[in-house]
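Coordinates in review
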Amino acid sequence: MGFVIRGHAGYRPYGEDIVCAAVSALTQNTVQSLVVIGGLTRELQVVMTEGYLFCGIRPACAEVRKDPVIQGLFRSLKLGISDIAGGHPLRVQYDSKEV
């Protein structure tokens, strides 16, 4: 359970791109919520570089994946990202996979 964000939306120049800012706000809020609300620390793996964010629950932590709070946080992100992708289909590609 997790997500990967790659690239930039390219909607406007750097610093003015509201589409990129919206995706960034949702994903960074999800990471913080998983830590603060979900109480995840060592169960969570996060890798962030320029234009890339990976956030996932470590495979050894299968029980955490069943927590309704954790599931709700990921569902909330999915809802927000799919809404942005629907409004900006040329700028945000969304693919949901269950693994």
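Residues numbered from 1 in each chain as written. Predicted model: local features only at pLDDT ≥ 70, side-chain atom pairs only at ≥ 80, totals over all residues. Heavy atoms only, no water.

**Digging into the overall build of the chain**
- Within the chain, the regular secondary structure consists of three helices and three strands.
- What you see in the chain, going N to C, is helices and strands ordered as β-α-β-β-α-α.
- A compact globule built from 99 residues should have a C-alpha radius of gyration of about 13 Å, and the chain, at 14 Å, falls within 12% of that.
- On the principal axes, the C-alpha backbone points of the chain span a range of 40 × 25 × 20 Å.
- Residues classed as buried in the chain amount to 29% of the 99 residues present.
- For the chain, the accessible surface area stands at approximately 6,700 Å², while carbon and sulfur atoms represent 56% of it. (Helix = DSSP H or I, 4+ residues; strand = E, 2+ residues; numbered from the N terminus. Rg over C-alpha atoms; globule rule 2.2 N^0.38 Å. Buried < 20%, exposed > 50% of the residue type's maximum accessible area, 1.4 Å probe, protein only. Areas by Shrake-Rupley, 256 points an atom, 1.4 Å probe, with all protein chains shown as cover.)

**Quick look at the layout of surface pockets**
- There is about 1,400 Å³ of room inside the largest pocket.
- As for the largest pocket, its lining consists of 46 residues, and the residues nearest its centre are G2, F3, V4, I5 and L77.
- Going through the elements one at a time, β1 (2-6), α1 (18-36), β2 (44-49), β3 (52-57) and α3 (68-87) are the ones with two or more residues in the lining of the largest pocket.
- For the lining of the largest pocket, a count of residues per class yields 21 nonpolar, 14 polar and 11 charged. (1 Å grid on protein atoms, 1.4 Å probe; cavity = no way out; pocket = protein on both sides within 12 Å on 5 of 7 lines; lining within 4 Å. Points joined across faces, edges and corners; volume = space filled by probe spheres on them. Nonpolar A, V, L, I, M, F, W, Y, C, P; charged D, E, K, R; others polar.)

**Comments concerning the pattern of salt bridges**
- Counting across every chain of the model gives one salt bridge.
- A salt bridge links K66 to E63; its shortest N-O distance comes to 3.4 Å. One exposure class covers both K66 and E63, and it is exposed. (Salt bridge = Lys/Arg side-chain N within 4 Å of Asp/Glu carboxyl O.)

**What to know about the sheet that holds β2**
- With antiparallel pairing, three strands are arranged side by side in an open sheet as β1-β3-β2. Bordering the open sheet on either side are β1 and β2, each of which pairs with just one other strand. Across this sheet, the average inter-strand angle for adjacent strands is 5°, counted without regard to direction.
- Note: β1 against β3, five bridges, orientation antiparallel. Pairing of V4 across the sheet is with F54, part of β3. (Pairing = 2+ DSSP bridges. Axes fitted to C-alpha atoms, helices over the stretch in contact; angles between N-to-C directions.)

**Things to note about the pairing of β2**
- In this sheet, β3 lies alongside β2 in antiparallel orientation, the contact comprising six bridges. Each bridged residue has a counterpart across the sheet, and for V46 the counterpart in β3 is C55.
- Linkage of β2 to β3, two consecutive antiparallel strands, is achieved through a turn of two residues, within which G51 is found at a positive phi near 75°.

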